[in-house]
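Structural description and commentary
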Amino acid sequence: TVPLFMLLRPVSVEFGPLERTVHVNVDHSTWTADRLGGEGALTYRVVSVPMETPAEEPVVVEARHPPGRAVRSAGEIAWAQLRAAGMEPDPAKRPRDEDALAVRKLEAFLRLNYTYTLAGPASPLGTEPIDFFLEESKAGHCEHFASALAMMCRSIGVEARVITGYLLSEFDADEEQYIVRDSHAHAWVEACIAPGVWRTFDATPPAEISRLAAKQTSLMGRLARMLDRVEESWNTSVVGFDRSQ
């Protein structure tokens, strides 16, 4: 049997022009259908009705600062830096059109005064990691930089969130596709600089971003890409071998 793709609770199946008889078995207990016998392409149209689910009240989540000294630490540093730059840190007094510039000032402060490392000391037990990063170690990885910037933004009245993902920078011209590695994982910040307007900010030192984005041109880099192709070929041609292949 070959399963027919359809949404839940199908009520009718209409087939296109057929050169032969097609038998379909519908299981009403699971709301699935299988095509019995026959090969080749098959065109059909399914009419389904949605499952009845009880209406739910919308959930409104309001952003809150986590407890701990990290909030006060980030706020004290952020306010001090904006005052040193001649800007108003109080969101009630600062013009809204200066929010983007204020975030850029904080982004630049972290880039210039903190060090990127993957081998930094862990925060002591009972100490907020952001607080330890900002006041003690002054060294950390991209999540430390992003979290610190987000907390500093919120302390000056700018809504911000931490985003995690990957830097797509390594392009394989032969395969015409990007290569995404574990080492390309990264974290940055999105801040709301105007009503409904979110912009990307990255407090990680530029040298580290350049390293992540740099194309591997060394012999080891070329060998790594060659091994990637071999592994992909093995996965698609051997591990994923099916009737279509």
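Residues numbered from 1 in each chain as written. Predicted model: local features only at pLDDT ≥ 70, side-chain atom pairs only at ≥ 80, totals over all residues. Heavy atoms only, no water.

A short note on the confidence of the model for the chain
For the chain, per-residue confidence averages 79 on the pLDDT scale, and residues scoring 70 or more make up 78% of the total. Looking over the chain, one finds the lowest element-wise mean pLDDT in helix H6 (residues 219-239), namely 70, and the highest in helix H2 (residues 99-113), namely 96. Confidence drops under a pLDDT of 50 for residues 53-68, and excluding neighbours within four residues, the segment shows 11 contacts in the predicted structure. (pLDDT = per-residue confidence, 0-100. Helix = DSSP H or I, 4+ residues; strand = E, 2+ residues; numbered from the N terminus. Contact = heavy atoms within 4.5 Å.)

Notes on unusual backbone geometry
One non-glycine residue, lysine 138, lies in the positive phi region at around 55°. On the basis of relative accessibility, which here comes to 42%, the residue lysine 138 falls in the partly exposed class. (Buried < 20%, exposed > 50% of the residue type's maximum accessible area, 1.4 Å probe, protein only.)

Considering the packing of helix H3 (residues 129-137) against helix H4 (residues 142-155)
Contact pair H3 / H4: the axes reach a minimum separation of 10 Å and the direction vectors enclose 95°. Regarding the angle of H3 to H4, the classification is roughly perpendicular. Contact with H3, carried on its side by Pro129, Ile130, Phe133 and Leu134, involves His144, Phe145, Ser147, Ala148, Met151 and Met152 of H4 and no other residues of that element. Tallied by class, the residues present in the contact of H3 with H4 amount to 8 nonpolar, 2 polar and no charged. (Axes fitted to C-alpha atoms, helices over the stretch in contact; angles between N-to-C directions. Parallel < 35°, antiparallel > 145°, perpendicular 65-115°, else oblique. Nonpolar A, V, L, I, M, F, W, Y, C, P; charged D, E, K, R; others polar.)

Here we look at the environment of glutamate 208
Mapped onto the secondary structure, glutamate 208 falls in helix H5 (residues 206-213). Exposure remark for glutamate 208: the relative accessible area of 9% places this residue in the buried category. Distance from glutamate 208 to tyrosine 116, taken between C-alpha atoms, is 7.2 Å for residues 92 residues apart in sequence.

A look at H2
When the terminal C-alpha atoms of H2 are compared, their 21 Å separation across 15 residues agrees well with the 21 Å that a helix rising 1.5 Å per residue should span. Along H2, the residues classified as buried are Asp99, Ala102, Val103, Leu106, Glu107, Phe109 and Leu110. Axial view of H2: buried residues confined to an arc of 155°, hence all on one face. (Expected span 1.5 Å × (residues − 1). Arc of directions from axis to C-beta.)

A few points about the pairing of strand E12 (residues 197-201)
Summarising the sheet, strand E11 (residues 185-194) and E12 pair through 5 bridges and their orientation is antiparallel. Of the residues in E12, the one forming a bridge with valine 189 is phenylalanine 201. Between E11 and E12, which pair antiparallel in sequence order, lie 2 residues; one of them, glycine 196, sits at a positive phi of approximately 75°. (Pairing = 2+ DSSP bridges.)

A closer look at the pattern of salt bridges
Throughout the structure, instances matching the rule amount to 6 salt bridges. Salt-bridge contacts for arginine 96 lead to aspartate 99; the nearest nitrogen and oxygen are separated by 2.7 Å. A residue is classified by how much of its surface remains accessible, and aspartate 99, at 3% relative accessible area, is buried. (Salt bridge = Lys/Arg side-chain N within 4 Å of Asp/Glu carboxyl O.)

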